[in-house]
Amino acid sequence: MEAALKLLRSAPATAIFGVTVIVTYVLVAIFAHWLAPYGETQIVGAEYLPWSDQYLLGTDNLGRDMLSRLIFGARNTVGIAFLTTCLAFLLGGLTGLLAATLRGWVDQLFSRAIDVLMAIPALIFALLILTVVGTSIPALVCVIAVLESTRVYRLARAVAMNIVVMDFVEVARLRGEGLAWIIRREILPNALPPLVAEFGLRFCFVFLFISALSFLGLGIQPPTADWGSMVRENATLITFGDITPLLPAAAIALLTVGVNFVVDWFLHKTSGLKT
Amino acid sequence: MSDETVKNGAGRDGSGHDGSGAVEAGVGRSNKPAEILLRIRGLKIEGRSGETWSEIVKGVDLDLHKGEVLGLIGESGAGKSTIGLAAMGFARDGCRISGGSVEFDGLDLVKAGVRKRRRLRGSRIAYVAQSAAAAFNPAHKLIDQYTETPVQHGIAGRAESERDAIELYRRLRLPNPEEIGFRYPHQVSGGQLQRAMTAMAMACRPDLIIFDEPTTALDVTTQIEVLAAIRDIVQQFDTAAIYITHDLAVVAQMADRIMVLRYGKLVEEAPTRTMLSAPKKDYTKSLWAVRSFHAEERPRPAGETPVLAVEHVTAAYGKTRVLHDVSFEIHRQRTVAVVGESGSGKSTTARVITGLLPPLEGRILYKGKPLPPKFSDRSKEQLKTIQMIYQMADTAMNPKQPVREIIGRPLKFYLGMNGRQREERIRELLSLIELEPKDFIDRLPGELSGGQKQRICIARALAAEPSVIICDEVTSALDQLVAEGILKLLDRLQGELGLAYMFITHDLATVKAIADEVVVMLQGKVVESGPKSEMFTPPHHAYTELLLSSVPEMDPDWLDELLAARARGEAGGKIEAADN
């Protein structure tokens, strides 16, 4: 704990800003029930009410409180994005490390399969699959995780390739160590910094991807509050000069910026860049 | 020769006047007119580690006269290269010149602007880097890279400097001087590339060339060619040079004067002959004494089964055959040194023995029983008996594992040790390799010096309780003093534990120090093998002879005598043969 505080004190202003944003989002997501003045799907008044003391950010197209939906949206959107990114890393990271360590046909098989997946535009591919299997949250998570894992695979494989040729890996092989030990103890610790940095960036992309799908109507389904669909549902308000529908978009943008700041800082620390 | 000098001298005068400010020029001339080319006073350079700056060069004075060759020697980290670069008014990334002055022909390079410095570099001061392969741009032909500098500085046109390049290639005795320039860097050998680099540095006929370990990465047989070429050309054009190296025998051949550096400070300075015959300081004496370590040759045991036998091994990478019918034996408590230049198949032999490269023909016997050709088919017991120590201790250890885990893993893996027993054994091993257990057990490899890292690698090999250790160039990346410590340690361990060593090296001094038996390899074949005493007494195989005679000696006349002897035709044909 003390070390973490010390680390934070040496961080640049941008990183502190990023950490603050992320921590705030996480807290909001966890304590949504206590923070939100109204329920997630509760209809509290007339449609499209303006900002007032009772409804701080007004109401939406069905008369639900905007602020409450925004708060619950943090839980849904961020939670699902986090879960998806984890899954993508588990999948892409593991196959990438395996391919780099085993080489030969395993590498060929994985790499060519990934090439095929990457050849198809991600958004169109996701739209296609989701239309076929239906838009449940597990399907959404799985499809995005598989699509995003291609990028993770590429990175994990490239990083691991540079480590596999090191003498210490040869030492471990010659000692008779098993595959799991070599990957877990020799390669993974050395491949971790770029992968962690990538995790931050990937999280942003997943987040944007989900929001994009929701905006198109194939993402998180109503009545669940979600920032992407909130923009779509209330888009008509913009024509009347009301900025409310832009607030969920701003929330997405803010988180993306915050995460990027933290990732930048982390990359600087691990790569030893000075300027 | 002399007319060249005059012509260039005239050219220099013109370029020297235009830029240098009146004040600075005055300083340069007041003391020793036209004599001193480079004058460094109280030079201080700082390097950044983390957020703080620490001094790496702590006030060095240096004078270099026109046409003089100055040798800078010292261990790594002594600040040799940093001073060499500072002589051009340059500091590497993460370094800065924090004090003192570097006056080149009256102009203080520390204070001079970027433009003035840039005008000097390449045209009047040139630099030859350690690794020519890394210093050349692989995407351009040699001659295009040669002409770049003269054209850039407006000294000569393209066609003119191409003719000049060919002339210099000829003087540096490169094969096919008319054509070699039109090759790409990867198409010529390392020694040739280093000479092409020297030619490039000579392109503008500079007053000063800085050679930063130009032969360190080369084999002994090629090193001679490069040394002779560099020395000739420097003499022909009467160029001043700073020659940076850690190899004393090399500097003895090249320099008129030697400066010994340590921890960024000058230890001693004297003309070469005085320095070699009568060093004053203890540190210099210890450097001089390094090559004196010599282990007694142990007699070959009769009738004993060798611990390890390589029998008629032929191996290939893909379709290229790299080993042809290699055979030798290693006995208990004996050291077999495998010698040869790079590409001779020394390391490949080690890969065959460890099972990384299954041979096409032949087999490896351990105590009379054949080992499975692939390491993955060998049992734990078989893997444990052959351990390896690598050249680069840096990459041979996982940077994320502390010493305790590096040494502890084989203990657990092979011997099933756990808990206190393992902890005690790790400490025992650390004491065995002469490192204080409580200081080192929790360190990461990044917190160790080069010599300490290599010791930890030795401890890791010992942890498996092997009977054979393959040492692949274990000392070649280390400073001589440190390397000697490692050799002594290995020798002591052999005496105590009865280990057999296969010692791969290209350094014959190391062979003399530690071997009982020598195997000489050339192009994947064993050309000669036998006990050390026989190998170092004539008659030799032609290649062994060449190899032996190419090892620089600490005698400033050695190179002259050797070249004279070879010119007389004694070994002339063999050099040609080896160069091809």
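Residues numbered from 1 in each chain as written. Chains lettered and ligands numbered in written order. Predicted model: local features only at pLDDT ≥ 70, side-chain atom pairs only at ≥ 80, totals over all residues.

- Where an unreviewed UniProt entry is consulted, chain B appears under the name Peptide/nickel transport system ATP-binding protein, with the organism given as Tistlia consotensis USBA 355.
- As stated in UniProt under Sequence similarities (unreviewed entry), the record for chain B gives "Belongs to the ABC transporter superfamily."
- Here is the UniProt Subcellular location (unreviewed entry) comment for chain B, exactly as written: "Cell inner membrane". (UniProt positions renumbered as here; feature names shortened; annotations may be inferred.)

- An unreviewed UniProt entry lists chain A under the name Peptide/nickel transport system permease protein, from Tistlia consotensis USBA 355.
- Among the UniProt annotations of chain A, the heading Subcellular location (unreviewed entry) holds the following wording: "Cell membrane".

**So, the overall build of chain A**
Phase 1 of the analysis: From N to C terminus, chain A includes 11 helices and 0 strands.
Phase 2 of the analysis: When the elements of chain A are put in sequence order from the N terminus, they spell out α-α-α-α-α-α-α-α-α-α-α.
Phase 3 of the analysis: Principal-axis analysis of the C-alpha atoms gives chain A an extent of 75 × 50 × 30 Å.
Phase 4 of the analysis: Buried positions account for 38% of the 275 residues belonging to chain A.
Phase 5 of the analysis: A separation of at least 24 residues holds for 66% of the contacts in chain A among residues at least 6 apart in sequence. (Helix = DSSP H or I, 4+ residues; strand = E, 2+ residues; numbered from the N terminus. Buried ≥ 20, exposed ≤ 12 C-beta atoms within 10 Å, placed from the backbone. Contact = placed C-beta atoms within 7 Å.)

**Thoughts on the UniProt feature "domain: ABC transporter" (unreviewed entry) in chain B**
Phase 1 of the analysis: UniProt records the feature "domain: ABC transporter" (unreviewed entry) for residues 38-288 and 308-548 of chain B in the present numbering.
Phase 2 of the analysis: In the segment residues 308-548 of chain B, helix accounts for 41% and strand for 26%; the C-alpha atoms at its two ends are 27 Å apart.

**Section: the environment of Leu490 of chain B**
All names here are of chain B.
Phase 1 of the analysis: Mapped onto the elements of the fold, Leu490 is located in helix H21 (residues 480-497).
Phase 2 of the analysis: We classify Leu490 as buried; it has 25 C-beta atoms within 10 Å.
Phase 3 of the analysis: Taking the C-alpha atoms as reference, Leu490 lies 48 Å from Ala165; in sequence the two are 325 residues apart.
Phase 4 of the analysis: Apart from residues no more than four positions distant in its own chain, Leu490 is found in contact with Tyr501 and Ile514.

**Concerning the interface of chain B and chain A**
Phase 1 of the analysis: Between chain B and chain A, the contact holds 15 residues from the first and 10 residues from the second.
Phase 2 of the analysis: Of all elements in the fold, only helix H15 (380-385), helix H16 (393-396) and helix H17 (403-415) of chain B reach the threshold of two or more residues within the side of chain B that touches chain A.
Phase 3 of the analysis: Each residue belonging to the side of chain B that touches chain A can be placed in one class, and the counts come to 10 nonpolar, 3 polar and 2 charged. (Nonpolar A, V, L, I, M, F, W, Y, C, P; charged D, E, K, R; others polar.)

**With respect to the sheet that holds strand S8 (residues 240-245) of chain B**
Residues and elements named next belong to chain B.
Phase 1 of the analysis: Pairing within the open sheet is mixed, and its 6 strands lie in the order S6-S7-S8-S3-S9-S10. The open sheet has two edge strands with one neighbour each: strand S6 (125-128) and strand S10 (265-271). Neighbour-to-neighbour, the strand axes of the sheet open up by a mean angle of 15 degrees, direction not taken into account.
Phase 2 of the analysis: Where strand S9 (residues 257-262) and S10 come together, 6 bridges link them in antiparallel fashion. The residue bridging Ile258 from the neighbouring strand is Ala270, located in S10. (Pairing = 2+ DSSP bridges. Axes fitted to C-alpha atoms, helices over the stretch in contact; angles between N-to-C directions.)

**Digging into helix H6 (residues 142-152) of chain B**
Residue pairs spaced three or four apart in an α-helix point in one direction, given the helix's 3.6 residues per turn.
Residue and element names in this part refer to chain B.
Phase 1 of the analysis: Listing the buried residues of H6 in full gives Leu142, Ile143, Gln145, Tyr146, Thr147, Thr149 and Pro150.
Phase 2 of the analysis: Packed against the buried residues of H6 are helix H7 (158-171), helix H8 (177-180) and helix H9 (190-202).
Phase 3 of the analysis: Positive backbone phi, at 70 degrees, marks Gly154, one or two positions downstream of H6.

**Focus: the sheet that holds strand S16 (residues 386-389) of chain B**
Residue and element names in this part refer to chain B.
Phase 1 of the analysis: The sheet built from 6 strands is open, its strands ordered S16-S17-S18-S13-S19-S20 with mixed pairing. The two strands at the open ends of the sheet, each matched to only one other strand, are S16 and strand S20 (525-531). For this sheet, the mean inter-axis angle between neighbouring strands, taken without regard to orientation, is 15 degrees.
Phase 2 of the analysis: Where strand S19 (residues 517-522) meets S20, 6 bridges bridge the pair, whose relative direction is antiparallel. The partner of Val518 across the bridge, within S20, is Gly530.
Phase 3 of the analysis: Along the sheet face, helix H20 (residues 450-463) touches S16 and strand S17 (468-472) and points at about 175 degrees away from the line of S16.

**Brief notes about the confidence of the model for chain B**
Residues and elements named next belong to chain B.
Phase 1 of the analysis: When pLDDT is averaged along chain B, the result is 84, and 91% of the positions lie at 70 or above.
Phase 2 of the analysis: Confidence, expressed as mean pLDDT per element, reaches its minimum in chain B at helix H2 (residues 22-30) with 36 and its maximum at S16 with 94.
Phase 3 of the analysis: Confidence drops under pLDDT 50 across residues 571-577; counting only partners more than four residues distant or on other chains, this segment forms 10 contacts.
Phase 4 of the analysis: Complex prediction metrics read pTM 0.79 and ipTM 0.78. (pLDDT = per-residue confidence, 0-100.)

**What to know about the UniProt feature "transmembrane region" (unreviewed entry) in chain A**
Phase 1 of the analysis: Look at the UniProt record and you will see "transmembrane region" (unreviewed entry) annotated at residues 15-36, 78-102, 122-147, 199-220 and 246-267 of chain A.
Phase 2 of the analysis: This span, residues 15-36 of chain A, is 91% helix and 0% strand, and a straight line between its end C-alpha atoms measures 28 Å.

**Examining the UniProt feature "domain: ABC transmembrane type-1" (unreviewed entry) in chain A**
Phase 1 of the analysis: Listed under "domain: ABC transmembrane type-1" (unreviewed entry) in the UniProt record, and renumbered for this structure, are residues 74-267 of chain A.
Phase 2 of the analysis: Secondary structure within residues 74-267 of chain A divides into 83% helix and 0% strand; the distance between the first and last C-alpha atoms comes to 26 Å.

**Topic: the environment of Asp61 of chain B**
Residue and element names in this part refer to chain B.
Phase 1 of the analysis: In this fold, Asp61 is placed in strand S2 (residues 52-65).
Phase 2 of the analysis: Taking the C-beta count within 10 Å as the criterion, Asp61 has 13 such neighbours and is therefore assigned partly exposed.
Phase 3 of the analysis: On a C-alpha basis, the gap between Asp61 and Arg41 in space is 4.5 Å, while along the polypeptide they are 20 residues apart.
Phase 4 of the analysis: Beyond its immediate sequence surroundings of up to four residues, Asp61 is in contact with Ile40, Arg41 and Gly42.

**Side note on helix H7 (residues 137-164) of chain A**
Phase 1 of the analysis: The end-to-end C-alpha distance of H7 of chain A, which contains 28 residues, comes to 38 Å, matching closely the 40 Å that a straight helix rising 1.5 Å per residue would cover.
Phase 2 of the analysis: Ser149 of chain A marks the point of greatest bend in H7 of chain A, at about 30 degrees. (Expected span 1.5 Å × (residues − 1). Bend = angle between axes of the 7 residues up to and from the residue.)

**Describing the pairing of strand S18 (residues 500-505) of chain B**
Residue and element names in this part refer to chain B.
Phase 1 of the analysis: For S18, a buried count of 6 out of 6 residues is recorded, marking the element as mostly surrounded by other parts of the structure.
Phase 2 of the analysis: The alternating pattern of S18 places Ala500, Met502 and Ile504 on one face and Tyr501, Phe503 and Thr505 on the opposite face, and all of these are buried.
Phase 3 of the analysis: Relative to S18, strand S13 (residues 335-339) is paired through 5 bridges, and the arrangement is parallel. Opposite Val336, over in S18, you have Met502 as the bridge partner.
Phase 4 of the analysis: With 5 bridges joining them, S17 and S18 adopt parallel strand pairing. Along S18, the bridge assignment pairs Val468 with Ala500.

**A closer look at the packing of helix H4 (residues 66-102) of chain A against helix H5 (residues 104-119) of chain A**
In a packed pair of helices, the relevant descriptors are the angle between the two axes and the axis-to-axis distance.
All names here are of chain A.
Phase 1 of the analysis: One way to put it is that H4 packs onto H5 with a least axis distance of 7 Å and a crossing angle of 145 degrees. By crossing handedness, the relation of H4 to H5 is classed as left-handed. Residues Thr95, Leu98, Ala99 and Leu102 of H4 lie in contact with H5, whose contacting residues are Gly104, Val106, Asp107, Phe110 and Ser111.
Phase 2 of the analysis: Here the contact of H4 with H5 is composed, by residue class, of 5 nonpolar, 3 polar and 1 charged. (Left-handed = near helix turned anticlockwise from the far one by under 90°.)

**Some points on the nonpolar core**
All names here are of chain B.
Phase 1 of the analysis: Counting 140 residues, the largest nonpolar core has Met502 and Phe503 as its most contacted members.
Phase 2 of the analysis: Ignoring sequence-local partners within four residues, the contact set of Phe503 consists of Thr335, Val336, Ala337, Val338, Cys471, Ile514 and Ala515.
Phase 3 of the analysis: Within the second largest apolar cluster, 80 residues are counted, among which are Ala87, Phe104, Ile224 and Leu248. (Core = buried A, V, L, I, M, F, W, Y, C linked by C-beta atoms within 7 Å.)

**What about the domain arrangement of chain B?**
Accessible area lost upon the coming together of the parts serves often as the stated size of an interface.
All names here are of chain B.
Phase 1 of the analysis: Entries for chain B in the domain assignment read domain 1 (2-135 + 206-290) and domain 2 (308-404 + 464-548).
Phase 2 of the analysis: Each of domain 1 and domain 2 was reduced to a C-alpha centroid, and the two centroids are 38 Å apart.
Phase 3 of the analysis: For the side of domain 1 that touches domain 2, the secondary structure elements donating two or more residues are helix H10 (220-236) and helix H13 (282-289). (Domains from an automatic or database assignment.)

**Focus: unusual backbone geometry**
Residues and elements named next belong to chain A.
Phase 1 of the analysis: Backbone geometry places Tyr48, a non-glycine residue, at a positive phi of 50 degrees.
Phase 2 of the analysis: With respect to the helices and strands, Tyr48 occurs in the loop between helix H3 (32-35) and H4.
Phase 3 of the analysis: For Arg103, which is not glycine, the phi dihedral falls at a positive 50 degrees.
Phase 4 of the analysis: By the secondary structure assignment, Arg103 is in the loop between H4 and H5.

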